[in-house]
Amino acid sequence: MSISQTLVSLVVCPVDKGELWYIESENILYNPRSQRKFRIESDIPILLVDESEIVDDKEAARLGSLDHVVTGKG
């Protein structure tokens, strides 16, 4: 499953209001500035800060190496 391109073009990070990376292969939205990832369930991004996960540097490097689409360009 993947979220719609319309949603990708509109969604921004709830923490800093900046763009997110949509990593379709992982089905997540990721903020590389804060190393915070947000899961997607049933094509709906869960953009609640309390539900997000902060990743360590090793995971951040791995996520940074994956293909992604930058969100919030709508």
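Whatever comes next refers back to the structure up there.
A brief structural summary. (Residues numbered from 1 in each chain as written. Predicted model: local features only at pLDDT ≥ 70, side-chain atom pairs only at ≥ 80, totals over all residues. Heavy atoms only, no water.)

## Some details on the side chain of Ser52
No. 1: Along the chain, the position of Ser52 falls in the loop between strand 4 (44-45) and strand 5 (53-54).
No. 2: Side-chain polar atoms of Ser52 contact the side chain of Arg36, separated by 2.8 Å.
No. 3: Contact partners of Ser52, with chain neighbours within four places excluded, come to Arg36, Lys37 and Phe38. (Helix = DSSP H or I, 4+ residues; strand = E, 2+ residues; numbered from the N terminus. Polar contact = N/O pair within 3.5 Å; in protein donor to acceptor, adjacent residues only side chain to side chain. Contact = heavy atoms within 4.5 Å.)

## Observations regarding helix 2 (residues 57-64)
No. 1: By the burial criterion, the buried members of helix 2 are Glu59, Ala60 and Leu63. End-on, the buried residues of helix 2 take up no more than an arc of 105°, which puts them together on one face. Structural note: helix 2 exposes Asp57, Lys58 and Ala61 on the side pointing more than 90 degrees away from its buried face.
No. 2: Of the surrounding elements, those touching the buried residues of helix 2 are strand 1 (21-23), strand 2 (28-31) and strand 3 (36-41). (Buried < 20%, exposed > 50% of the residue type's maximum accessible area, 1.4 Å probe, protein only. Arc of directions from axis to C-beta.)

Keep in mind that these numbers describe shape and distance, not what the molecule does.
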